[in-house]
Amino acid sequence: MLSLLFSPFIEFAFMRRALAGAYVLSLGAAPIGVFLMLRRMSLVGDAMAHAILPGAAIGYLLAGLSLGFMTAGGLAAGMIVALLAGLVTRFTVMREDAALASFYLISLALGVVLISIKGSNIDLLHVLFGTVLSLDNPTLILLAATTSISLLVLAVIFRPLVLESVDPIFMTTQGKSGATAHLTFLALVVINLVAGFHALGTLLAVGLMMLPAFAARFWAHSLGGMIASATLIGFIASTIGILASYHLNTPTGPTIILAAGLIYIASILIGAQNGLLMRLNKRSAP
Amino acid sequence: MTTTEGGTIRLSGLAVGYRRVPVLQELTGDFVSGSLTALIGPNGAGKSTLLMTLAGLLPPIEGSVITPSKDRGHIAYLPQYAAIDRDFPITVFDLVAAGLFQSIGSFRAPDVVAKQQIQKALETVGLTPNAQMLIGHLSGGQLQRALFARLIVQDAPTILMDEPFTAIDTATVDILLDLILGWHKQGRTIIASLHDLDLVQRYFPQTVRIGKTSTDWGPTQNLQAHTHRAGPKNHLGDGM
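Parameters at a glance
Residues numbered from 1 in each chain as written. Chains lettered and ligands numbered in written order. Predicted model: local features only at pLDDT ≥ 70, side-chain atom pairs only at ≥ 80, totals over all residues. Helix = DSSP H or I, 4+ residues; strand = E, 2+ residues; numbered from the N terminus. Rg over C-alpha atoms; globule rule 2.2 N^0.38 Å. Buried ≥ 20, exposed ≤ 12 C-beta atoms within 10 Å, placed from the backbone. Contact = placed C-beta atoms within 7 Å. pLDDT = per-residue confidence, 0-100. Expected span 1.5 Å × (residues − 1). Bend = angle between axes of the 7 residues up to and from the residue. Pairing = 2+ DSSP bridges. Axes fitted to C-alpha atoms, helices over the stretch in contact; angles between N-to-C directions. Nonpolar A, V, L, I, M, F, W, Y, C, P; charged D, E, K, R; others polar.

I'm lost on the overall build of chain A in this one. Help?
The helix and strand inventory of chain A stands at twelve helices and zero strands. Against the compact-globule benchmark of 19 Å for 286 residues, chain A has a radius of gyration of 19 Å, which places it among compact chains. Counting the 286 residues in chain A, one finds 49% classified as buried. Counting only contacts in chain A whose residues sit at least 6 apart along the sequence, the fraction spanning at least 24 positions is 71%.

Just checking my understanding: could you explain the overall build of chain B for this structure?
The helix and strand tally for chain B stands at eight helices and nine strands. By the compact-globule yardstick of 18 Å for 240 residues, chain B fits well, its C-alpha radius of gyration being 18 Å. Across its three principal axes, chain B shows a C-alpha extent of roughly 50 × 40 × 35 Å. Considering chain B as a whole, with its 240 residues, one finds that 43% of them fall into the buried category.

Quick question: what am I supposed to make of the confidence of the model for chain B here?
Should pLDDT be low for a region, the predicted coordinates there are not to be read in detail. Residues and elements named next belong to chain B. Mean pLDDT over chain B works out to 85, with 90% of the residues at or above the 70 mark. Ignoring residues within four places in sequence, the model shows residues 225–240, a span with pLDDT below 50, making 35 contacts including any to other chains. Two summary scores accompany this predicted model of the complex, namely pTM at 0.88 and ipTM at 0.85.

Whenever I open this one, helix 9 (residues 177–216) of chain A confuses me. Can you help?
An α-helical segment advances 3.6 residues per turn. Residues three or four places apart therefore align on the same side. All names here are of chain A. The first and last C-alpha atoms of helix 9 sit only 28 Å apart over 40 residues, clearly below the 58 Å expected at 1.5 Å per residue. Of all the bends in helix 9, the greatest, near 115°, is centred on Leu200. Most of helix 9 sits out of view: 32 of its 40 residues are buried.

Help me understand the sheet that holds strand 1 (residues 9–18) of chain B in this model?
In any sheet, the strands associate via hydrogen bonds between backbone groups, in a parallel or an antiparallel arrangement. All names here are of chain B. As summarised here, the arrangement of the three strands in space is 2-1-4, forming an open sheet in which the pairing is antiparallel. What marks the edges here is a single partner per strand, and that holds for strand 2 (21–31) and strand 4 (62–66). This sheet shows a mean twist of 30° between the axes of neighbouring strands, independent of strand direction. Sheet strands in contact with helix 1 (residues 47–54) are strand 1, strand 2 and strand 4, and its direction is about 120° off that of strand 1.

It is not clear to me how the pairing of strand 1 of chain B should be interpreted in this structure. Could you clarify?
Residue and element names in this part refer to chain B. Bridging between strand 1 and strand 2 involves seven bridges; their strand directions are antiparallel. In the sheet register, Arg10 faces strand 2, and the bridge partner there is Asp30. Taking the residues between adjacent antiparallel strands as the criterion, strand 1 and strand 2 are bridged by two residues, where Arg19 takes a positive phi near 45°. As defined by bridge partners, strand 1 adjoins strand 4 across four bridges and the pair is classed as antiparallel. Bridge pairing in strand 4 places Ala15 opposite Glu62.

When you look at the interface of chain B and chain A in this model, what are you seeing that I'm missing?
Where interface size is given, it is often the accessible area lost as the parts come together that is meant. In this complex, chain B contributes 18 residues to the contact, which on the side of chain A involves 19 residues. Looking at the side of chain B that touches chain A, its residues break down into 13 nonpolar, three polar and two charged.

Just to check I follow, could you spell out the sheet that holds strand 8 (residues 206–210) of chain B for this structure?
Residues and elements named next belong to chain B. Pairing in this open sheet of six strands is mixed, and the strands run 5-6-7-3-8-9 from one edge to the other. Either end of the sheet is taken by a strand with one partner, and the two such strands are strand 5 (75–78) and strand 9 (215–219). Strand-to-strand twist in this sheet, taken as the mean axis angle between neighbours without regard to direction, amounts to 15°.

Whenever I open this one, unusual backbone geometry confuses me. Can you help?
Across residues other than glycine, the phi torsion is negative in most instances, and most of the peptide bonds are trans. Residues and elements named next belong to chain B. Although it is not a glycine, Arg20 adopts a positive phi angle of roughly 70°. Along the polypeptide, Arg20 turns up in the loop between strand 1 and strand 2. One non-glycine residue, Glu163, lies in the positive phi region at around 50°. The residue Glu163 is located in the loop between strand 6 (158–162) and helix 6 (170–185) in this model.

How should the environment of Ala109 of chain A be read in this particular structure?
All names here are of chain A. Examined against the element boundaries, Ala109 turns out to sit in helix 5 (residues 96–118). The exposure class of Ala109 is partly exposed, given the 13 C-beta atoms found within 10 Å. In this structure, the C-alpha to C-alpha distance between Ala109 and Ser245, residues 136 residues apart in sequence, is 29 Å.

Would you explain the pairing of strand 8 of chain B in this entry?
All names here are of chain B. Taking burial as the measure, the five residues of strand 8 include five buried ones, the bulk of the element. Burial along strand 8 is two-sided: Gln206, Val208 and Ile210 and Thr207 and Arg209, pointing in opposite directions, are all buried. In the sheet, strand 3 (residues 36–40) pairs with strand 8 via four bridges, with the strands oriented parallel. Looking at the pairing, Thr37 lines up with Gln206 of strand 8. Connecting the antiparallel pair strand 8 and strand 9 is a turn made up of four residues.

Honestly, the environment of Lys282 of chain A in this entry has me stumped. Any pointers?
All names here are of chain A. Inspection of the secondary structure assignment puts Lys282 in helix 12 (residues 276–284). A count of 10 C-beta atoms within 10 Å places Lys282 in the exposed class. Spatially, the C-alpha atoms of Lys282 and Leu61 are 58 Å apart, while their sequence positions differ by 221 residues.

In this structure, what is going on with the confidence of the model for chain A? I would like to understand it.
Considering every residue of chain A, the mean pLDDT works out to 89; 95% of them sit at 70 or more. The lowest-confidence element of chain A is helix 12 of chain A, averaging 79 in pLDDT; the highest-confidence one is helix 10 (residues 223–248) of chain A, averaging 96.

This is the structure:
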């Protein structure tokens, strides 16, 4: 029984790499996801993840499945869309959710068309759903570097970001640090999604960011507790997903996200904070 | 930009609004240093917009606001209650500590003196037992008290408040009113938008009434008797 859990990782280097990659991604993305959720920006993450696709596709057109080109393209496209979405809501009558939804639909269609111009359907699948089982050294280093930068920068903007989330008007009276924290935070969303895209693809990168955060809400009530729980849930989902995909012969990226989804559903039911079971217990107790 | 002497806030030909659409126009007058002024008028008249402009959150569309100091610590602004995200997991203590943002910034932890300031402010508003609670678990009145504690900690010479007594219990209104009168005694300049005219007449020496066509400035007791159109210059005395 135990060998089912450990032998795939002992036997195969690509399994160990997949696990390391997924852990590193969870570490960086979980806190970002918690802030997106608490700031009611869950859809922003989704829209940006899709926005990365055409950028990565242009990188692909220029240089094939190249780590550098596709990363640079994805970063550029993500930042541009973050900026455009901000401008559209500021200067037009469109609401932010409509603006983001339109960007993400256009980006997805454009990205798929661009890749299909040159590549095969297999390349397209790689870009959309990731290649977590074939992470090479440069990719792993990129993921680790992104997570390190993300955690450091988040530590720097933590206080103004929290205060800006609670009372944005108050922070505006306190100078520019609130606005700076907000923009920096959007940049962190983009770099984490670009890193996630190498392992999980543009469609699912956001899954490892948001689902653990949603689940964490049912296990912790403090901000620190939520971030810690989300990270841990990311680890657990990665482990279960990678193992399950090995034994059941299913695609790894989607299986990881599915595991995260199952943990989320389980958390709704049995979570210690406001899980359905706890609420029923409370009601029947007195 | 120049600054006024003696802490007066001076409006000249001021028009306020959003995106160049004026909500309220031709405001000229002084909020004299140490005055306690109520801002009254129907909903949508532009009270909030005026307060936000005075707080420096909106640029004037026309004319100017001259404040005693350009320093950010000079004006404390209490937004309307609804502007706060009560679901965000932050403790009452941390919310109040935000009042020290100008002095401790993004990185430093509050030192012993700062912590004492925060504790004392919490004690003043009667929230000491709730310090480590999340703000989502507070009642409406308790949250407003916490926001007043943040104002205490900010310790600004000018305090602007947008509907500070809306949707809170009478016990809390009494506590907060005492605080405001205490600040007035200390010589701070206070402007608050309010709905309760009875309260205004009893406690606020000065009133600015924003109407559909005109704005009336002056001592609260005169305002009922004769209302006049805002002239080129209206001086608000420093009241009592």
